[in-house]
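Now for the letters of each chain:
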Amino acid sequence: MGGCMAMHLAYRNHQDVAGVFALSSFLNKTSAVYQALQKSDGVLPELFQCHGTADELVLHCWGEETNTMLKSLGVSTQFHSFPGLCHELSKAELEKLKSWVLTKLPGEMERQNE
């Protein structure tokens, strides 16, 4: 539920954050997030999403539907599928997340380019 909470907080109340990540997460089809984004006209935080294709607790298609809906409402998104992964973390998933977070840190891109 952490990813759902992060999306609610960022897209409804704190659109000034650098980005949002959600792992094995989804929003329901009538989410207040979608309603808030329909009224939004500012720059929205990028969404980084990962989801295992074998997740039986939070179905992969739910994560994909959430991503598609957010993208249609103006959110820049990344969606990464992990074949065979259930509702759990993997090293590959965490490595992708770490790389993404590092791109969001102030000054990190300049240090990497030196």
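So, how was this worked out
Residues numbered from 1 in each chain as written. Predicted model: local features only at pLDDT ≥ 70, side-chain atom pairs only at ≥ 80, totals over all residues. Heavy atoms only, no water. Helix = DSSP H or I, 4+ residues; strand = E, 2+ residues; numbered from the N terminus. Rg over C-alpha atoms; globule rule 2.2 N^0.38 Å. Buried < 20%, exposed > 50% of the residue type's maximum accessible area, 1.4 Å probe, protein only. Contact = heavy atoms within 4.5 Å. Areas by Shrake-Rupley, 256 points an atom, 1.4 Å probe, with all protein chains shown as cover. Lys, Arg positive; Asp, Glu negative; His and termini not counted. Charge placed at Lys NZ, Arg CZ, Asp CG, Glu CD. Disulfide = S-S within 2.5 Å.

**Q** Even after reading the chapter, I still don't get the overall build of the protein, so can you show me in this structure?
**A** Within the protein, the regular secondary structure consists of five helices and three strands. Each helix and strand of the protein, placed in order from N terminus to C terminus, yields the pattern α-β-α-β-α-β-α-α. The C-alpha radius of gyration computed for the protein amounts to 14 Å, which stays within 12% of the reference 13 Å derived for 114 residues, consistent with globular compactness. By principal-axis analysis of the C-alpha atoms, the protein measures approximately 45 × 35 × 20 Å. Of all 114 residues assigned to the protein, the portion counted as buried reaches 37%. Within the protein, counting contacts between residues at least 6 apart in sequence, those at least 24 apart form 67% of the total. With an accessible surface of roughly 6900 Å², the protein has 56% of that area assigned to carbon and sulfur atoms. Charge separation in the protein, taken as the distance between the mean sites of 9 positive and 13 negative side-chain charges, equals 3 Å.

**Q** Would you take a moment to explain the state of the cysteines for this structure?
**A** Defined simply, a disulfide is a covalent bond joining two cysteines at their sulfur atoms. Following the criterion strictly, the structure yields zero disulfides and no others. Cysteine C50 is unpaired, with the sulfur of C86 as its nearest cysteine sulfur at 15 Å. Cysteine C86 shares no disulfide, and the gap to the nearest cysteine sulfur, in C61, comes to 15 Å.

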